[in-house]
Amino acid sequence: MEDDGILARERQQMEEIRELDLEELQVEEVDDLHDSSGDERDLTGRGSSDEYTFNNCLASLHTYLGEVEDTHHRVAFLDGGAILNLPIFYLEGVVLFPEATLPLRVIQPNFVVAVERALTQVDAPYTIGVIRVYRDPDNGRIRFSNIGTTAEIRQYRRLEDGSLNVVTRGQQRFHLRRRWIDVEGAPCGEVQIIQEDIPLRAPRDAFGAVSPFSKPGGHHFSRILPSNNSHAKSNESMDVDNDSEANSDESFESALSLTEREIHQSVVDSYYGSDTMDESTTTTSSDDEKSQSQLQGSQSKDSESTDSLHSCPENNNVDLGSSSKSDMQSCKQKEPDRCWRNTDLKQFRRAPRAFWPHWVYRMYDSYCLAERAADMWKQIVGAPSMDSLVKKPDLLSFYIASKIPVSESTRQELLEIDGISYRLRREIELLQSVDLIQCKTCQTVIAKRSDMLVMSSEGPLGAYVNSNGFVHEIMTFYKANGLALIGLAVSEYSWFPGYAWTITNCATCETHMGWLFTATNKNLKPRLFWGVRSSQVSDGLH
């Protein structure tokens with residue numbers, strides 16, 4: 001009996017030790033996760049000798065597709081406005097942008113035929129068209145977008161079961177003119193390539209018709225000019241007393257390319273014309289005499305206007321709009337040079353030389369907007385230097401549009417915007433307003449923009465395909481709320497090598513929101529992160 005009692009007490013103690021060990025283990029793992037939160041954003045590979053960070057280049061390779069063969073073929077860009085027929089892929093929840101990567105697992109026979117046709121077609125070999133489809137929120141019917149993107153097949157592999165693994169890359173936007181199903185069941189469409197805007201510092205649409213600049217009474221400045229000598233002296237006086245506005249003008253013009261400067265100068269010339277100070281009207285002495293005779297005639301008709309325009313003030317602060325005779329003395333006709341030497345010609349320089357002031361140019365200047373958008377993107381995402389993209393505003397606008405953490409409908413809106421400056425302005429607005437990531441169905445807050453984590457070299461948002469052929473665009477976060485785990489963790493067919501995935505649903509409405517990825521190696525960092533489907537993100541901006 002005593003032995004039985006001892007054995008019972010020992011068994012009880014062993015059970016208590018196991019429970020304590022289990023509790024200590026659980027606490028230790030949780031503490032490690034919290035401690036590693038500060039390192040989860042560090043993807044540079046630095047850490048202790050027994051820890052290593054995830055190589056974010058692996059995700060962009062889509063190694064889960066297995067070995068794929070490079071086509072060794074690069075498609076030349078098609079001319080804007082070109083019309084051609086292409087096999088079309090209709091994808092729900094996906095918006096493809098130029099320069100973005102799109103993996104495909106082609107299982108359905110009709111789409112297999114579409115890929116095979118793309119590999120052998122003559123007009124645009126290795127090219128397919130990608131169109132976003134969505135369900136109408138009112139009646140649930142399938143709708144097709146009118147604007148899509150051509151995709152170049154860069155890698156593919158044919159499997160034993162007849163399916164295909166394909167890696168494509170976006171090329172050019174197009175407008176879908178019509179669509180049909182051919183005799184073999186392959187979806188096809190007639191598309192027209194969109195002519196992209198050229199990034200300019202001086203937008204072509206910023207200029208307008210400018211009326212001649214004249215004083216009341218019809219006395220134009222070009223008719224009261226002094227001789228060339230006096231004009232040159234006055235310019236010297238003006239250069240000596242140059243102000244910040246003049247410096248702004250010169251710095252603006254110096255930043256323009258040759259083509260942009262010609263466009264800007266043509267507007268400047270059209271503004272001045274024959275109604276501003278034009279040196280060509282004062283090249284001969286006969287022109288001077290004509291100006292003086294016109295001056296005498298104008299004095300007899302309107303002495304008040306003549307006094308205001310031809311007075312020689314004692315100081316350099318001349319108010320051109322003043323007509324008071326008490327503050328001014330009439331210039332003697334025999335001393336026109338002395339009159340113009342003492343006149344403050346900064347007033348003339350302050351007159352606008354184009355239809356819009358320079359701050360308006362900057363609002364629609366593609367390069368200025370690109371610098372601003374790149375700075376905001378680096379502050380939010382912590383991306384490396386984007387100087388190369390800043391020099392190419394068109395590519396930068398597509399890059400941000402393909403990675404910005406917004407809903408697929410908002411990203412489709414960005415794809416449909418014509419004009420680089422307008423797309424960049426919209427992206428800047430989104431970067432300023434996007435803060436909370438919410439469930440599309442119940443508006444539950446899932447994450448914050450500041451919780452984004454870059455797990456792929458292509459950015460915090462990317463497209464991945466599962467084993468059943470469904471393509472998902474997911475945003476990655478190092479922290480998320482309101483998500484419930486469904487089922488066990490699975491390591492097979494993981495989009496991120498070294499991580500197992502677990503399905504997550506919205507805890508409020510039970511909608512499939514994405515996945516939790518947990519490291520299979522305890523030394524791998526980050527230890528866990530979340531992938532949220534962009535198709536289930538709310539359109540609401542905060």
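In the block above lies the structure referred to throughout.
Residues numbered from 1 in each chain as written. Predicted model: local features only at pLDDT ≥ 70, side-chain atom pairs only at ≥ 80, totals over all residues. Heavy atoms only, no water.

Peer 1: Residues and numbers for the overall build of the protein chain, please.
Peer 2: Each helix and strand counted, the protein chain has 16 helices and 20 strands in total. Each of the 542 residues in the protein chain was classed as buried or not, and the buried ones make up 45%. Taking the intrachain contacts of the protein chain between residues at least 6 apart in sequence as the baseline, contacts between residues at least 24 apart amount to 66%. Of the roughly 28200 Å² that the protein chain leaves accessible, carbon and sulfur atoms contribute 48%. (Helix = DSSP H or I, 4+ residues; strand = E, 2+ residues; numbered from the N terminus. Buried < 20%, exposed > 50% of the residue type's maximum accessible area, 1.4 Å probe, protein only. Contact = heavy atoms within 4.5 Å. Areas by Shrake-Rupley, 256 points an atom, 1.4 Å probe, with all protein chains shown as cover.)

Peer 1: Summarise the pairing of strand 13 (residues 445-448); cite the residues concerned and give the values.
Peer 2: By the bridge criterion, 3 bridges tie strand 12 (residues 436-438) to strand 13 in an arrangement that is antiparallel. Its bridge partner being in strand 13, Ile437 is matched across the sheet by Ala447. Between strand 12 and strand 13, which pair antiparallel one after the other, the connecting turn spans 6 residues, and Gln443 there sits at a positive phi close to 65 degrees. (Pairing = 2+ DSSP bridges.)

Peer 1: For unusual backbone geometry, give the residues involved together with the corresponding values.
Peer 2: Each neighbour pair has its own omega, and for Lys525 with Pro526 the value is 0 degrees, a cis peptide bond. Although it is not a glycine, His62 adopts a positive phi angle of roughly 55 degrees. Among the secondary structure elements, His62 is positioned in the loop between helix 2 (57-61) and strand 2 (69-70). On the basis of relative accessible area, His62 is assigned to the buried category, the value being 4%. Despite not being glycine, Glu99 has its phi angle at roughly 75 degrees, a positive value. For Glu99, the location among the structural elements is in the loop between strand 3 (83-92) and strand 4 (101-106). When its relative accessible area of 35% is taken as the criterion, Glu99 is described as partly exposed.

Peer 1: Could you give me a rundown of the environment of Pro199, with the residues and numbers involved?
Peer 2: Examined against the element boundaries, Pro199 turns out to sit in the loop between strand 9 (187-193) and strand 10 (214-215). Residue Pro199 is classed as buried on the basis of its relative accessible area of 16%. Pro199 sits 221 residues away from Ile420 along the chain, and the two C-alpha atoms are 6.6 Å apart.

Peer 1: Tell me about the packing of helix 12 (residues 366-381) against helix 16 (residues 420-433), and name the residues and values.
Peer 2: For any two helices packed against each other, one specifies the inter-axial angle together with the distance between the axes. Axis separation between helix 12 and helix 16 bottoms out at 9 Å; the angle between their running directions is 25 degrees. In this view, helix 12 runs roughly parallel relative to helix 16, as classed from their interaxial angle. Crossing hand, helix 12 versus helix 16: left-handed. Where helix 12 abuts helix 16, its residues Ser366, Leu369, Ala370, Arg372, Ala373, Met376, Trp377 and Ile380 lie against Ile420, Ser421, Leu424, Arg425, Ile428, Leu431 and Gln432. (Axes fitted to C-alpha atoms, helices over the stretch in contact; angles between N-to-C directions. Parallel < 35°, antiparallel > 145°, perpendicular 65-115°, else oblique. Left-handed = near helix turned anticlockwise from the far one by under 90°.)

Peer 1: Please set out the sheet that holds strand 18 (residues 512-519) residue by residue, giving values where relevant.
Peer 2: Pairing is antiparallel across the open sheet formed by 6 strands, whose spatial order is 14-15-20-18-17-16. Every other strand in the sheet has two partners, leaving strand 14 (461-465) and strand 16 (483-490) as the edge strands with one partner each. Ignoring which end each strand starts from, the neighbouring axes of this sheet average 35 degrees apart. One ladder, built from 5 bridges, connects strand 14 with strand 15 (residues 471-477); its direction is antiparallel. For Val465, the partnering residue across the bridge sits in strand 15 and is Val471.

Peer 1: Break down the pattern of salt bridges for me, citing the residues and quoting the values.
Peer 2: Taken as a whole and assessed by the stated rule, the structure comprises 17 salt bridges. Between Arg177 and Glu190 there is a salt bridge; the shortest N-O distance is 2.9 Å. Of the two residues, Arg177 sits in strand 8 (residues 164-181) while Glu190 sits in strand 9, which places them 13 residues apart along the sequence. Under the relative-accessibility criterion, Arg177 is labelled partly exposed at 44%. Among the residues examined, Glu190 registers a relative accessible area of 16% and is labelled buried. Salt bridges linked by common partners bring Arg117, Asp182 and Glu184 together as one network. (Salt bridge = Lys/Arg side-chain N within 4 Å of Asp/Glu carboxyl O.)

Peer 1: Tell me about the environment of Thr502, and name the residues and values.
Peer 2: Along the polypeptide, Thr502 turns up in strand 17 (residues 499-506). Taking the C-alpha atoms as reference points, Thr502 and Leu485, 17 residues apart in sequence, are found 6.6 Å from one another. Setting aside residues no more than four positions away along its own chain, Thr502 makes contact with Leu485, Ile486, Gly487, Leu488, Ala489, Gly514, Trp515 and Leu516.

Peer 1: Give a detailed account of helix 3 (residues 109-120), specifying residues and quantitative values.
Peer 2: In a regular helix each residue adds 1.5 Å, so 12 residues correspond to 16 Å; helix 3 covers 17 Å between its end C-alpha atoms and thus fits that length. Those residues of helix 3 lying buried are Phe111, Val112, Val113, Ala114, Val115, Ala118 and Leu119. Elements that come into contact with the buried residues of helix 3 comprise strand 3, strand 4, strand 5 (127-135), strand 7 (147-158), strand 8 and strand 9. (Expected span 1.5 Å × (residues − 1).)

Peer 1: Can you tell me about the packing of aromatic side chains, naming the residues and giving the values?
Peer 2: Under the definition given, this model contains 15 aromatic pairs. When the centroid spacing of 6.4 Å and the interplanar angle of 40 degrees are considered together, the rings of Trp495 and Phe517 count as tilted. Placement of Trp495 in the loop between strand 16 and strand 17 and of Phe517 in strand 18 is noted, with a sequence separation of 22 residues between them. Aromatic pair Phe496 and Phe517: ring centres 5.0 Å apart, planes at 80 degrees, arrangement edge-to-face. Separated by 21 residues along the polypeptide, Phe496 in the loop between strand 16 and strand 17 and Phe517 in strand 18 bring together distant segments of the chain. Each member of the pair, Phe496 as well as Phe517, is classed as buried. (Phe/Tyr/Trp six-rings, centres within 6.5 Å; stacked < 30°, edge-to-face > 60°.)

Peer 1: Just give me the short version of the pairing of strand 7, but keep the residues and values in it.
Peer 2: Where strand 2 and strand 7 come together, 2 bridges link them in antiparallel fashion. Opposite Asp70, over in strand 7, you have Gln155 as the bridge partner. Taken together, the 4 bridges between strand 5 and strand 7 define a ladder with antiparallel strand orientation. Note on strand 7: the bridge partner recorded for Ile128 is Ala151. The pairing of strand 7 with strand 8 spans 10 bridges and is classified as antiparallel. Pairing of Arg158 across the sheet is with Leu164, part of strand 8.

Peer 1: An account of the nonpolar core is needed here, citing residue identities and associated values.
Peer 2: If you look at the biggest cluster of nonpolar residues, it comprises 46 residues, and the most contacted ones within it are Phe97, Trp377, Ile404, Leu414, Ile446, Phe477 and Met513. For this core, the element with the highest residue contribution is helix 12, accounting for 8 residues. Residues within four places of Phe97 in sequence aside, it is in contact with Thr149, Gly170, Phe398, Ala401, Ser402, Arg411, Leu414 and Leu415. (Core = buried A, V, L, I, M, F, W, Y, C linked by side-chain atoms within 4.5 Å.)

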